[in-house]
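Read off the chains here:
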Amino acid sequence: MTSTDMRTEAEDSGPSGYAAARLRLLQEGARSGPPRRAALAELTDDWLTGLFTAGSEGLRGASLVAVGGYGRGELSPRSDLDLLLLHDGSDSGAVAALADRIWYPVWDLGLALDHSVRTPAEARKTAGDDLKVQLGLLDARHLAGDLALTAGLRTAVLADWRNQAPKRLPELQELCAERAERQGELQYLLEPDLKEARGGLRDATALRAVAASWLADAPREGLSDARRRLLDVRDALHLTTGRATDRLSLQEQDQVAAELGLLDADTLLRQVYEAARVVSYASDVTWREVGRVLRSRAVRPRLRAMLGGGAKPAAERSPLAEGVVEMDGEVVLARTARPERDPVLPLRAAAAAAQAGLPLSLHAVRRMAAAARPLPTPWPAEAREQLVTLLGSGRPTVEVWEALEAEGLITRLLPDWERVRCRPQRNAVHIWTVDRHLIETAVRASELTRRVGRPDLLLVASLLHDIGKGWPGDHSVAGEIIARDVASRIGFDRADVAVLAALVRHHLLLVDTATRRDLEDPATVRSVAEAVGSQGTLELLHALTEADALATGPAAWSSWRGSLVADLVKRVSAVLAGDAPEEPEDAAPTAEQERLAIEAFRTRGPVLALRAQTEPPAEETAGDPEPLGVELLIAVPDQPGVLPAVAGVLAMHRLTVRTAELRALDLPDGVEGSVLLLNWRVAAEYGSLPQAARLRADLVRALDGSLAITARLAERDAAYPRRRGTVAPPPRVTVASAASRHATVIEVRAHDAPGLLHRIGRALEDANVRVRSMHVSTLGANAVDAFYVTGTKGAPLPGEEAASVARALEETLRG
């Protein structure tokens, strides 16, 4: 039977005819989704129009209006009928009789009805008092009666909404936030409410309301498809349950999946989650734009007054990284950025945004997604460092990661991510999908980076530890294979790849052993020690275990579990105790280093050389070496204050220190004295590198005390715009016992920041210790530094003095 035949049957047979036609439509297998919803709305329109016409003979100045979801023509099988009987107030008795002629047949059929009878003035007043009524009227659609009356109300309601938008939109945003707090996030719930949860149908309706205000608009790509998918699932839910419900319960998911022709309940949930993610991201972007516009409107009158009514000033752009700037509270691309020539730009922009605690501009993400070149394999060192920086940025990482994922950049960078994307976890302990759990683990791991010597490996292992889920068999075994491949593509060397693979393979080992085995049994401890292999891997595995559990949910970690794991780690560490590190032996100086040292001794001043530093291509690939930055060689006659002076000058010139080594170099036979040799790898924060002559001139002034480095750095920091940024874990300074026979080793683990090495150098100088050598690494945004220090007579520091120096240095860095 065609739609026309159904409408004719409904009109001819009254309520029973409508009910039969409605039932036949819902049972049709050929029609589903938007066509069925539209056909059901059309069928209902015709029936209600007939009821209105039959009951309104002789009545003028009245109309029947569909509002809300029915107004949009989107009727699910068990949807409410949202109706407004609009009248001009001239004959209230006749209008009341008409209402009865319409409402009672609807009720008789058992259909849910949300109805009201109002004049246009009453409708506008109610809308002004009740935001939900206002939202329903924005979708008002004429059904029958006085068309001019309906059109006049619709025009007035839209005008009211646009005029009152600066007041009503914050109210709507607050309403959405309260609902999200109550209902949770649709994209992570195992039994989600398709309408009320964040990212659901209510949020999609709110985005339509924002667009109707003309104040801001939602990103439209994918939004209509996401909304259609959620409506389709709700239709199937109504049909399988026979109830007007929006909650997708566990016991109904298989039936709903079958109704939609999907493989299973997991496939259904993945589609729901993907749709919800699109709506949630569009909401985030839209509300951010609403806030920006409202702030701009509030500030503009004051600016005009200050500028005497002149032109609007250009928005301030503050540089964050090469090709990346902050503008108007968002991270955007610099005017000089060329994503088509800069494959690292997406990761650099993401890392800069997360570190600054700012959102990535939608326009910037889309431009990079459209134009950015793919990264070579293996990745350049900078790309790897930017990924680690992004992962180590704490809570802001989540929002930035979601922005990249919304435009497909994550799966382009990490193709294996597609299998875990939006994958549900049917486990009461887990509160996140697999992909979000991995990001949450990285967030938790960022708080533990001071506990490990290789924070970069901890963060990447956190991202990959469950990457095997979605593959057949044990996800730890599958994950080890994937992690090995991903780590190689990212550009880690063989030793680091082996560690990452071991961390993924054994990420459940500590907690399973600690809670299920006898820790008093030496065989238990030995088996864990054999699997782990080294103190460094054990340290990383301990932190990963805690981060994984904390990111799983409140039921996965407790003080009891933590104490059992800590006890196991202590026992395993004792077995591995023979692996204590020794001070690295310095390689023999090169000819260039000897030349610089002799020239520095001869001139009694600093001598330096800058040269590009590269690493050879991976064995399995051909091509040119990858640039690592610039190698800076400095030779200075041995004297106090060299470390803080050099570090301060580099910070003044906005040079980021990636690695640094310092050692005293004895001069060749026949030449008395020693020279400090500094071999550092540096990169410009943004822009080009300074000339070597400028660096040397400033270094000379820093060493003779005529350049006030500390004051200059403080002035620059004060002039910088204040950003909320990331909340990094506090610095940790420890004394490494038995690490060297010749010096005391002080280890510093801290958040990398401009001037960090300068502050460390000054604190060590103030403590009256000599830096015999040092080894500095910047791993993402984490500095992991080891300083081999002695007293003034060249001997290691006594135990209490070493501890005092470490405490003083930690207090300085925390201050």
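Remember, it's a predicted structure, so these values are computed and weren't measured experimentally.

### Overview of the overall build of the protein chain
Helix and strand content of the protein chain: 32 helices and 15 strands. By its C-alpha atoms, the protein chain is 120 × 80 × 50 Å across when sized along the principal axes. Burial status across the protein chain gives 53% buried among its 815 residues. When the accessible surface of the protein chain is summed, it comes to about 36,100 Å², and 50% of that surface belongs to carbon and sulfur atoms. For the protein chain, the distance from the average position of its 99 positive side-chain charges to the average position of its 113 negative side-chain charges is 4 Å.

### Digging into the packing of aromatic side chains
If you walk through the whole model with that rule in mind, you get four aromatic pairs. In this structure, arginine 141 is placed above the aromatic ring of tyrosine 70, and the distance from its NZ or CZ to the ring centre is 5.4 Å. Over the ring of tryptophan 471 we find arginine 419, and its NZ or CZ is 3.8 Å from the ring centre.

### Thoughts on the pattern of salt bridges
Scanning all chains against the criterion turns up 55 salt bridges. Across the pair arginine 227 and glutamate 74 runs a salt bridge, and its minimum N-O distance is 2.7 Å. Linking arginine 227 in helix H10 (residues 223-241) with glutamate 74 in the loop between helix H3 (68-71) and strand S2 (81-87), this pair joins segments that are 153 residues apart in sequence. Considered together, arginine 227 and glutamate 74 belong to a single accessibility category, that of buried residues. For arginine 292, the salt bridge is made with aspartate 328, and the minimal N-O distance between the two is 3.3 Å. Remark: aspartate 328 occurs in the loop between strand S6 (324-327) and strand S7 (330-333) and arginine 292 occurs in helix H12 (residues 265-306); sequence separation between them is 36 residues.

### Let's talk about unusual backbone geometry
In the segment running from threonine 377 into proline 378, the intervening peptide bond is cis, with an omega of 0 degrees. With a phi angle near 65 degrees, tryptophan 214 is a residue other than glycine that sits in the positive phi range. On the secondary structure map, tryptophan 214 appears in the loop between helix H9 (201-212) and H10. You can call tryptophan 214 exposed: its relative accessible area is 67%. Of note, cysteine 422 is a non-glycine position whose phi angle comes to about 60 degrees, a positive value. Position of cysteine 422 relative to the elements: it lies in the loop between helix H18 (417-420) and helix H19 (434-446).

### Examining helix H25 (residues 535-552)
In a regular helix each residue adds 1.5 Å, so 18 residues correspond to 26 Å; H25 covers 26 Å between its end C-alpha atoms and thus fits that length. One or two steps after H25, the chain reaches glycine 553, where phi turns positive at roughly 160 degrees.

### With respect to the environment of arginine 24
Relative to the helices and strands, arginine 24 resides in helix H1 (residues 3-27). Residues arginine 24 and serine 249, spaced 225 residues apart in sequence, show a C-alpha to C-alpha distance of 27 Å.

### So, the pairing of S7
Every second residue of S7 is oriented toward a common face, with Glu330 and Val332 on one face and Val331 and Leu333 on the other, all of them buried. Relative to S7, S6 is paired through four bridges, and the arrangement is antiparallel. In the sheet register, methionine 327 faces S7, and the bridge partner there is glutamate 330. Between S6 and S7, which pair antiparallel and follow one another directly, the connecting turn spans two residues, one of which, aspartate 328, has a positive phi of 55 degrees.

### A word on empty space enclosed by the protein
A complete count under the given rule lists seven cavities of 30 Å³ or more for this structure. Here the largest cavity is characterised by a volume of approximately 60 Å³. Sorting the residues of the lining of the largest cavity by element identifies helix H16 (396-406) and H19 as the ones contributing at least two each. Considering each element in turn, the lining of the largest cavity owes the most residues, four residues, to H16. For the lining of the largest cavity, the class distribution of residues is four nonpolar, no polar and five charged.

### Let's talk about the sheet that holds strand S3 (residues 113-118)
The strands that make up a sheet are held in pairs by hydrogen bonds between backbone atoms, and each pair lies either parallel or antiparallel. Pairing is mixed across the open sheet formed by four strands, whose spatial order is S3-S2-S1-S4. Every interior strand has two partners, whereas the edge strands, S3 and strand S4 (141-145), have only one. Sheet twist, expressed as the average angle between the axes of neighbouring strands with direction ignored, equals 20 degrees. In this structure, strand S1 (residues 62-66) lies alongside S4, joined through four bridges in antiparallel fashion. Its bridge partner being in S4, leucine 64 is matched across the sheet by alanine 144. Across the sheet, helix H5 (residues 120-129) touches S2 and S3, and the angle it forms with S3 is around 120 degrees. Contacts from helix H7 (residues 147-163) reach S1, S2 and S4, with the element oriented near 110 degrees to S2.

### A closer look at the pairing of S1
By the criterion of burial, S1 is predominantly enclosed, with five of the five residues buried. Along S1, one buried face is formed by Ala62, Leu64 and Ala66 and the opposite face, lined by Ser63 and Val65, is buried too. Pairing between S1 and S2: five bridges, direction antiparallel. Across the sheet, leucine 64 pairs through a bridge with leucine 85, a residue of S2.

Quick notes on the rules
- Residues numbered from 1 in each chain as written.
- Predicted model: local features only at pLDDT ≥ 70, side-chain atom pairs only at ≥ 80, totals over all residues.
- Heavy atoms only, no water.
- Helix = DSSP H or I, 4+ residues; strand = E, 2+ residues; numbered from the N terminus.
- Buried < 20%, exposed > 50% of the residue type's maximum accessible area, 1.4 Å probe, protein only.
- Areas by Shrake-Rupley, 256 points an atom, 1.4 Å probe, with all protein chains shown as cover.
- Lys, Arg positive; Asp, Glu negative; His and termini not counted.
- Charge placed at Lys NZ, Arg CZ, Asp CG, Glu CD.
- Phe/Tyr/Trp six-rings, centres within 6.5 Å; stacked < 30°, edge-to-face > 60°.
- Lys NZ or Arg CZ within 6 Å of the ring centre and 35° of its normal.
- Salt bridge = Lys/Arg side-chain N within 4 Å of Asp/Glu carboxyl O.
- Expected span 1.5 Å × (residues − 1).
- Pairing = 2+ DSSP bridges.
- 1 Å grid on protein atoms, 1.4 Å probe; cavity = no way out; pocket = protein on both sides within 12 Å on 5 of 7 lines; lining within 4 Å.
- Points joined across faces, edges and corners; volume = space filled by probe spheres on them.
- Nonpolar A, V, L, I, M, F, W, Y, C, P; charged D, E, K, R; others polar.
- Axes fitted to C-alpha atoms, helices over the stretch in contact; angles between N-to-C directions.
- Contact = heavy atoms within 4.5 Å.

Fair warning: the whole summary comes from geometry, so function is off the table for now.
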